[in-house]
Amino acid sequence: MTSLSILVVDDDENFRERMARALRDRGHEVRTAAGPEDAIRMTTEDSPECAVVYLRMPGGSGPT
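Residues numbered from 1 in each chain as written. Predicted model: local features only at pLDDT ≥ 70, side-chain atom pairs only at ≥ 80, totals over all residues. Heavy atoms only, no water.

1. Some details on the environment of valine 9
Among the secondary structure elements, valine 9 is positioned in strand β1 (residues 5–9). Taking the relative accessible area as the measure of exposure, valine 9 reaches 3% and is therefore buried. Between the C-alpha atom of valine 9 and that of proline 36, which follows or precedes it by 27 residues, the distance is 7.5 Å. (Helix = DSSP H or I, 4+ residues; strand = E, 2+ residues; numbered from the N terminus. Buried < 20%, exposed > 50% of the residue type's maximum accessible area, 1.4 Å probe, protein only.)

2. Considering the sheet that holds strand β3 (residues 50–53)
The sheet built from 3 strands is open, its strands ordered β2-β1-β3 with parallel pairing. If you trace the sheet from one side to the other, it starts and ends with β2 (29–33) and β3, each paired once. Adjacent strand axes in the sheet meet at a mean angle of 20° when their direction is disregarded. Two strands pair when backbone bridges link them, and β1 and β2 are joined in this way by 5 bridges, in the parallel orientation. Across the sheet, the residue bridging to valine 8 is threonine 32, located in β2. Relative to the sheet, helix α1 (residues 13–25) contacts β1, β2 and β3, its axis offset from that of β2 by approximately 170°. (Pairing = 2+ DSSP bridges. Axes fitted to C-alpha atoms, helices over the stretch in contact; angles between N-to-C directions. Contact = heavy atoms within 4.5 Å.)

3. Let's talk about the pattern of salt bridges
Evaluation of the coordinates by the stated rule reveals 3 salt bridges. It is possible to trace a salt-bridge network through shared partners that takes in Asp38, Arg41 and Glu45. (Salt bridge = Lys/Arg side-chain N within 4 Å of Asp/Glu carboxyl O.)

4. A short note on helix α2 (residues 36–45)
Looking at α2, one finds that the buried residues are Pro36, Ala39 and Met42. One side of α2 carries all its buried residues, which in axial view fall inside an arc of 130°. Turned more than 90 degrees away from the buried face of α2, the exposed residues are Glu37, Thr44 and Glu45. Residues of α2 that are buried in the fold lie against β1 and β2. (Arc of directions from axis to C-beta.)

5. Some remarks on the confidence of the model for the protein chain
In the predicted model, the protein chain carries a mean pLDDT of 88, and the fraction of residues at 70 or more is 84%. Here β3 stands out as the element of the protein chain with the lowest mean pLDDT, 90, in contrast to β2, whose mean of 97 is the highest. (pLDDT = per-residue confidence, 0-100.)

6. A closer look at α1
Here α1 contains 13 residues, and its C-alpha end-to-end distance of 18 Å stays within 8% of the 18 Å for a straight helix at 1.5 Å per residue. Here α1 has its buried residues at Arg16, Ala20 and Leu23. Projection of α1 onto a plane perpendicular to its axis shows the buried side chains occupying an angular sector of 65°, all on one side. Residues of α1 that are exposed and point more than 90 degrees away from the buried face comprise Asn14 and Asp25. Packing partners of the buried residues in α1 comprise β1 and β2. Of the residues flanking the start of α1, the one acting as N-cap is aspartate 12, its side-chain oxygen 3.1 Å from the backbone nitrogen of asparagine 14. Just downstream of α1 lies glycine 27, where phi reads positive at about 95°. (Expected span 1.5 Å × (residues − 1). Polar contact = N/O pair within 3.5 Å; in protein donor to acceptor, adjacent residues only side chain to side chain.)

Structure representation (structure tokens):
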């Protein structure tokens, strides 16, 4: 299996961390963001290969 760099974006900390842990356990490099602002900043610094994004968050929703 190929390892991917993945960004997990969700305002629910428990879900975000569980998802990140599950992906790490499968050998992926995972970063997390609590909201759209953090996610945008992180992707401009170092773009991930994939993202898991919750679509309904305060401060914006989904990919821009």
